[in-house]
Amino acid sequence: MNYFNLLTFKKAQQLVQKRQGETKFFETVSFTTLKTSIEEQLKKSSAEFVLFGIAEDIGVRANEGKTGAKNTWNSVLKTVLNIQSNRFSKPNQLLILGHFDFDKLELKSSDKKDLKKLRKKVNVIDADVTNLVHLIKKSGKTPIAVGGGHNNAYGLIKGCALASKSKINAINFDAHTDFRALEGRHSGNGFSYAMDEGFLECYFIFGVHENYTSESIYKKIDNNKNVAFISFESIAVRKEFSFGKALEKGQQFVSKQPFGIEVDCDAIAHCPSSAMTPTGFDSTKARQFVFGLGKNSNTAYLHICEAASKLNPKKRDYNVGKMIVALIMDFIQAKNS
């Protein structure tokens, strides 16, 4: 993992704003040390959850999307370090490991639209993410990954599957299926590749926007008994399902064996992302999604992706870091409820 940067106490300290009479999350959460290997530190840590960032938007660019996802981790890290350490936040259960920085993989400016080259670089990202997730799962801990494009779902699924030596399932809170053709790796086909290569068993997409998925993909889903979806319109517009019933349906589809929870921020209305939408679930619904599924004992990981804080419209004050940290805390609380 040549592209991984460990987060030490000293580095984290620079991002914290202390206040008299308060104990910040930073003061009681676990960090790594540069003295031993990641594998050794994972084994020794008593934390149940391991948080890490993925600073890249190569996968989004390889899918011809808007860039900015590589900046999300910095916003999330600063926010999580500065929340309160109290009876609800449970900092003793979390190890903040660090983040992947794939800037060295970036192409020259003249090559940034070369999809073939970009998609080859996504393979490198896949390998590193897979290796880290495999280490985390082998140590008996639960990965929480933040940042980057949805291409990283592949590495999370594969890493978990390799650690358990069996396929896993996934449920995806997303406006899109990300089940596109096997045309070279990018942010739109992580689940397609994971299923084709035998790492993903069952896949459920929660909240698909009906007008933004091709008929060919709908037919592909129709012909695969291991893939299902429920649309945003059927829940929020036509009211064919309540949010709770839809969540129950998705959970039943994936929860018979270990499954990953995926949150693509482009499903959240007005959240700055590579495919930002003016209509979608609000952030509270995203929190209910994560908390509701997090209570299941078969949850294997949490992955939050595609947010791009620098795409924030000037007239809107949308705090991406604060929203994502809320999702992380909801997941940890759910696992302890």
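Here, every reference points to the structure presented above.
Residues numbered from 1 in each chain as written. Predicted model: local features only at pLDDT ≥ 70, side-chain atom pairs only at ≥ 80, totals over all residues. Heavy atoms only, no water.

Some thoughts on the overall build of the chain
Consideration 1: A tally of regular secondary structure across the chain gives 12 helices and nine strands.
Consideration 2: Relative to its length of 337 residues, the chain is compact, with a C-alpha radius of gyration of 19 Å against a globular reference of 20 Å.
Consideration 3: Residues counted as buried form 57% of the 337 residues belonging to the chain.
Consideration 4: For the chain, restricting intrachain contacts to residue pairs at least 6 apart in sequence, the fraction spanning at least 24 positions comes to 79%.
Consideration 5: On the chain, roughly 14900 Å² of surface is accessible, and the fraction owed to carbon and sulfur atoms is 46%. (Helix = DSSP H or I, 4+ residues; strand = E, 2+ residues; numbered from the N terminus. Rg over C-alpha atoms; globule rule 2.2 N^0.38 Å. Buried < 20%, exposed > 50% of the residue type's maximum accessible area, 1.4 Å probe, protein only. Contact = heavy atoms within 4.5 Å. Areas by Shrake-Rupley, 256 points an atom, 1.4 Å probe, with all protein chains shown as cover.)

Considerations on helix α6 (residues 153-164)
Consideration 1: The first and last C-alpha atoms of α6 sit 17 Å apart over 12 residues, in line with the 16 Å expected at 1.5 Å per residue.
Consideration 2: Among the 12 residues that make up α6, nine are buried, leaving the element largely enclosed by the rest of the structure.
Consideration 3: For α6, the set of buried residues is A153, Y154, G155, L156, I157, G159, C160, A161 and A163.
Consideration 4: In the stretch just after α6, K165 is the one whose phi turns positive, near 60°. (Expected span 1.5 Å × (residues − 1).)

A closer look at the packing of aromatic side chains
Consideration 1: As enumerated under the stated definition, the model contains 21 aromatic pairs in all.
Consideration 2: Ring geometry for F173 against F206: centres 6.1 Å apart, planes inclined by 15°, an arrangement best described as stacked. With F173 in strand β5 (residues 168-173) and F206 in strand β6 (residues 200-208), this residue pair connects regions lying 33 residues apart in the sequence.
Consideration 3: Since its relative accessible area comes to 0%, F173 is described here as buried.
Consideration 4: With relative accessibility at 0%, the residue F206 sits in the buried group.
Consideration 5: Between F179 and Y203 the ring centres are 5.9 Å apart and the planes differ by 40°, which places this aromatic pair in the tilted class. Placement of F179 in the loop between β5 and α7 (190-196) and of Y203 in strand β6 is noted, with a sequence separation of 24 residues between them.
Consideration 6: Ring pairing ties together the aromatic residues F173, F206, F232, F243, F281 and F289, which thus form one cluster. (Phe/Tyr/Trp six-rings, centres within 6.5 Å; stacked < 30°, edge-to-face > 60°.)

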